[in-house]
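# Report on the structure
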Amino acid sequence: ELIRMGALCEDAISYASRTLMGEGDFANEVYKADHEIDQKEREIESLCMRLLLQQRPVAKDLRQISTALKVVTDLERIGDHASDIAELILRIKSDHAYHIVQHLPAMAASAQKMVHDAVEAFIKQDVEEAEEIIRRDDEVDALFNQVKTDVVELLKSSPHADQGIDLLMIAKYLERIGDHAVNVCEWTQFCKTGALKNVRIM
């Protein structure tokens, strides 16, 4: 179920990115994916609660179920951010903006790949892969800084400041998606080791 939820998050980011790049209006597909993500979150939470109440898991099993509850929260937020991006895109009308803010596609692709790999690492309980994904967040952050520079150039050549702000907000949502992927990786580490950010919890 987590794999399915992660795939829905990837779909939402992909549809939002394709809309941003002018490949078509996929906003409704983003909203649909976000709705399905919300449903999947409730389904997984219900399953986890049933397992906790009926099976009374301990040790590793308890960590796996408790971290799944945390992971679905991060995935749900990713869906929300994709939906927020789609809403902002509909407000932006100028193709000129997309041409100047040229680092957004790479940022969207990096964030989408992080989400995919983070869910895979969690399912496989691959701590080494999780650590590598966490390091890749620096790439998304660097692209965010480049987008900020792009937006400054856009504002120099365009009288529409609100357009630049909307594009910067899109980049910020993508940066937050990367952060949520990092969270999933950190929960993977906790699930495997019982430690979160090098602090032993259970």
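This write-up is about the structure you can find in this document. Treat the numbers as computed from the prediction; the structure is a model and nothing was measured.

### Considerations on the packing of aromatic side chains
In this structure the tally under the stated criterion is two aromatic pairs. Centre to centre, the rings of Trp-187 and Phe-190 are 5.7 Å apart; their planes meet at 85°, and the pair counts as edge-to-face. Of this pair, Trp-187 and Phe-190 both sit in helix H7 (residues 161–193), three residues apart, roughly one helical turn. On the accessibility criterion, Phe-190 (5% relative accessible area) is buried. In this structure, Arg-18 is placed above the aromatic ring of Phe-26, and the distance from its NZ or CZ to the ring centre is 4.2 Å.

### Here's the deal with the layout of surface pockets
Any space left empty among the atoms is revealed by the rolling of a water-sized probe across them. Put simply, the largest pocket is a space of about 260 Å³. Lining the largest pocket are 13 residues, with Leu-2, Cys-48, Gln-64, Ala-68 and Phe-122 sitting closest to its centre. Residue assignment for the lining of the largest pocket shows that the elements contributing at least two residues are helix H1 (2–20), helix H2 (27–55), helix H3 (59–91) and helix H5 (104–124). Element by element, the count of residues in the lining of the largest pocket is highest for H2, at four residues. When the residues that make up the lining of the largest pocket are grouped by side-chain class, the tally is ten nonpolar, two polar and one charged.

### Considering the pattern of salt bridges
The full count for this structure, using the stated rule, is 13 salt bridges. Between Arg-18 and Glu-23 there is a salt bridge, with its nearest N and O atoms 3.3 Å apart. Given a relative accessible area of 32%, Arg-18 falls into the partly exposed group. The closest approach of N and O atoms between Lys-172 and Glu-175, which form a salt bridge, is 3.1 Å. Taken together, the residues Lys-172 and Glu-175, both in helix H7 and three residues apart, mark about one turn of the helix. Take Lys-172: its relative accessible area is 35%, and that puts it in the partly exposed class. We classify Glu-175 as buried; its relative accessible area is 9%.

The rules behind each value
- Residues numbered from 1 in each chain as written.
- Predicted model: local features only at pLDDT ≥ 70, side-chain atom pairs only at ≥ 80, totals over all residues.
- Heavy atoms only, no water.
- Phe/Tyr/Trp six-rings, centres within 6.5 Å; stacked < 30°, edge-to-face > 60°.
- Helix = DSSP H or I, 4+ residues; strand = E, 2+ residues; numbered from the N terminus.
- Buried < 20%, exposed > 50% of the residue type's maximum accessible area, 1.4 Å probe, protein only.
- Lys NZ or Arg CZ within 6 Å of the ring centre and 35° of its normal.
- 1 Å grid on protein atoms, 1.4 Å probe; cavity = no way out; pocket = protein on both sides within 12 Å on 5 of 7 lines; lining within 4 Å.
- Points joined across faces, edges and corners; volume = space filled by probe spheres on them.
- Nonpolar A, V, L, I, M, F, W, Y, C, P; charged D, E, K, R; others polar.
- Salt bridge = Lys/Arg side-chain N within 4 Å of Asp/Glu carboxyl O.

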